[in-house]
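# Secondary and tertiary structure notes
One letter stands for each residue in the lines below.
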Amino acid sequence: MQENDIWSECETYDREQFRKVQSERLVDTVKRVYEKVPHYKNKFDQHGVSVEDIKSVDDLSKLPFTEKKDFRDNYPFGLFAVPQKQIVRFHASSGTTGKPTVVGYTKNDMTMWSEMIARIVTMAGVTDEDVAQISFGYGLFTGAFGLHQGLEHIGAAVIPMSSGNTEKQIMIMKDFHTTALISTPSYALHMAEIAREMGVDPKKDLFLKWGLFGGEGSTEAMRREINGAWGLLATENYGMSELIGPGVSGECLALKGMHINEDHFIPEIINPDTGEVLPEGAVGELVITTISKEALPIIRYRTSDITSLNYDKCDCGRTTVRMAKISGRSNDMLILGGVNVFPAQIEEVLFNVDGIGPHYQIKVFKQGYLDRIEVDVELIDANYLDSFGKLENLNQTIKHKLRTVLGIDAKVNLMQPRTLQRFEGKAKRVIDMREDK
Amino acid sequence: MIIKQLTVFLQNKSGRLEELTDILAKNNINISALSIAETEEYGIMRMIVSDHEKALEALKAAEFTVKTTDVVSIQCPDIPGALHETLKTLTNNGIDVSYMYGYSNGGTARLIMKINNPEKAMEIIENNL
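Residues numbered from 1 in each chain as written. Chains lettered and ligands numbered in written order. Predicted model: local features only at pLDDT ≥ 70, side-chain atom pairs only at ≥ 80, totals over all residues. Heavy atoms only, no water.

When its secondary structure is counted, chain A shows eleven helices and 21 strands. Its C-alpha atoms give chain A a radius of gyration of 22 Å, near enough to 22 Å, the size a compact globule of 437 residues would have. Dimensions of chain A, computed from C-alpha atoms along their principal axes, come out at roughly 75 × 55 × 40 Å. Of all 437 residues assigned to chain A, the portion counted as buried reaches 57%. Here the analysis covers contacts within chain A between residues at least 6 apart in sequence; of these, 66% occur between residues at least 24 apart. Of the roughly 18200 Å² that chain A leaves accessible, carbon and sulfur atoms contribute 49%. Placing the 51 positive and 62 negative side-chain charges of chain A at their respective mean positions leaves the two points 3 Å apart. (Helix = DSSP H or I, 4+ residues; strand = E, 2+ residues; numbered from the N terminus. Rg over C-alpha atoms; globule rule 2.2 N^0.38 Å. Buried < 20%, exposed > 50% of the residue type's maximum accessible area, 1.4 Å probe, protein only. Contact = heavy atoms within 4.5 Å. Areas by Shrake-Rupley, 256 points an atom, 1.4 Å probe, with all protein chains shown as cover. Lys, Arg positive; Asp, Glu negative; His and termini not counted. Charge placed at Lys NZ, Arg CZ, Asp CG, Glu CD.)

Next up, the structure:
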């Protein structure tokens, strides 16, 4: 592991210090939301919990959950805890159906946000020496602006590139000597393809050292693919607009989980079916309570992300709890013939097969009463063209590997390179055509 | 003689073949022989072209999965039994053909054969036919 600085002393608190700051801030947050946000007052009253019941972080599980639906029901500003006058920034999530999820920030929230990002980019290796190219889309999405402010805060030079226009991205990277790339992992892979197509060898002709990826989950196999294609060190960071945007947690160079900024976000792991809080180390749905936000404090937000927590001290010296890579989302879990499948599992299989490219598409549909799944992959290794036997073997190998994960047979379609859709933002890999899921 | 064949992966989808011939046409590359074998989902196109290096480069640039393969090209008379004679000679000498295609024109037939050991095959053909 490479040595690097720790941005804030808060990242090395002992458990007692975390408990103290979490308890103080939680009590304050609960009081504020009860007084300022009618939604929380009603919910706490219905749930039979009063502000006085919350004396420390131990009382957290007495509080009701907040869900995505609560944002929709209170669209646009119903969950805000401050008058509009104090809001200095709006963002909104890319709602694919219906109204977007709207979030707001006060001046203090913006300062806190920058501070959170400063910690995360520092732990990912970035310093004031670096030139950071932000290839997230600028706009209502929190990713680009979030990283932008934090990177400026630590003194890095920011290129607000936005997503798209990939040839130009590569040109700027080359000419500005970009050393840190900030994007979704799938866009990073796409950019590497374009670079090679342009005759640019990312490892020789570019200067990238760090890759900070977020906005969507990724697997270890995808990390290896990105590291190999770019010659950089990829880390992952995590967040969501409902909580703040990026800045909830990030990976340090030890690459053993994402450090959660616990003095601002309290994590819990629950059983997604029962809501019961699970013990340390158990895998379940991540629930986050924000304890320092002014404009939009959120109590026990159900993220739908499946992970686990590790409280051991990290090799990097930080003591903040680490969350494992997201292994799936409780709401994008596919149920295929009664078997629970996360797209990330399929991705892990595909990335470990030689001969095919990193892009894929999963199609799920009904044939009669049965669930059928098809996986499209791109054949990139021409050596399989010697005979149909070789191609068929490749197909069978993929099928067999998928079967061990999925429990049912998937049809594997070998496609020509560059025929599957590329994504500049969050990749949409699954097309579920079943009417009744 | 041993010549270079281009082998291209094609999805069995409308327009794919036309895309390929368009690239060859634009690069002024002539096709002298070709065969397409296909399954329901995809096909393998094998062809002999006027400039295989240029064609390989152009197709790679257009993101086709493509490679060159050594194949044996022989000429035999365009009469009944000629192909049989050729194959018999090869078989008797322990040479297997994985696939082949051909055409006849003006009294002779040209055969393109994929053989595991093309050098040995050429030697046998030269000595025996």
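Moving on, there is more to tell.
Glancing now at the packing of aromatic side chains. All names here are of chain A. Applying the stated criterion across every chain yields a total of twelve aromatic pairs over all chains. Centroid distance Phe71 to Tyr301: 5.8 Å. Interplanar angle 90°. Geometry classified as edge-to-face. Within this pair, whereas Phe71 is found in helix α3 (residues 68-73), its partner Tyr301 is found in strand β12 (residues 301-307), the two being separated by 230 residues in sequence. Exposure class is identical for Phe71 and Tyr301. Each is buried. Plain terms: the ring middles of Tyr138 and Phe145 are 5.0 Å apart, the flat faces sit at 75° to each other, and that makes the pair edge-to-face. (Phe/Tyr/Trp six-rings, centres within 6.5 Å; stacked < 30°, edge-to-face > 60°.)

Residues and elements named next belong to chain A. Structurally, chain A comprises domain 1 (1-330) and domain 2 (334-432). Averaged C-alpha coordinates put domain 1 and domain 2 at centres separated by 30 Å. If you look at the interface, domain 1 gives 27 residues, while domain 2 gives 16 residues. For the domain 1 face of the interface with domain 2, the top three residues by lost area are His190, Glu193 and Thr219, together amounting to 24%. Here domain 1 is connected to domain 2 by three salt bridges. Its salt-bridge partner being Glu197, residue Arg418 comes within 2.4 Å of it at the nearest N-O pair. At the junction of domain 1 with domain 2, the criterion picks out four residue pairs in polar contact (both at pLDDT 80 or more). Sorting the residues of the side of domain 1 that touches domain 2 by element identifies α7 (185-197), α9 (220-230) and β15 (328-329) as the ones contributing at least two each. (Domains from an automatic or database assignment. Buried area = accessible area lost by both parts, 1.4 Å probe. Salt bridge = Lys/Arg side-chain N within 4 Å of Asp/Glu carboxyl O. Polar contact = N/O pair within 3.5 Å; in protein donor to acceptor, adjacent residues only side chain to side chain.)

The next subject is the interface of chain A and chain B. Counting residues at the interface gives 21 residues for chain A and 19 residues for chain B. Roughly 1700 Å² is buried in total at the junction of chain A and chain B, and carbon and sulfur atoms are behind 58% of that figure. Of all residues in chain A, Leu385, Phe388 and Gln416 of chain A bury the most surface against chain B, accounting for 41% of the area lost on that side. If you look at where chain A meets chain B, you find three salt bridges. A salt bridge links Glu41 of chain B to Lys411 of chain A, with the nearest nitrogen and oxygen atoms 3.1 Å apart.

The two faces of the sheet receive side chains in turn, since in a regular strand these alternate between them. All names here are of chain B. Counting buried positions along strand β1 (residues 2-11) gives eight out of ten residues, so the element sits mostly inside the fold. Relative to strand β4 (residues 66-77), β1 is paired through seven bridges, and the arrangement is antiparallel. Each bridged residue has a counterpart across the sheet, and for Leu6 the counterpart in β4 is Thr68. As paired elements, β1 and strand β3 (residues 42-49) share six bridges and run antiparallel to each other. (Pairing = 2+ DSSP bridges.)

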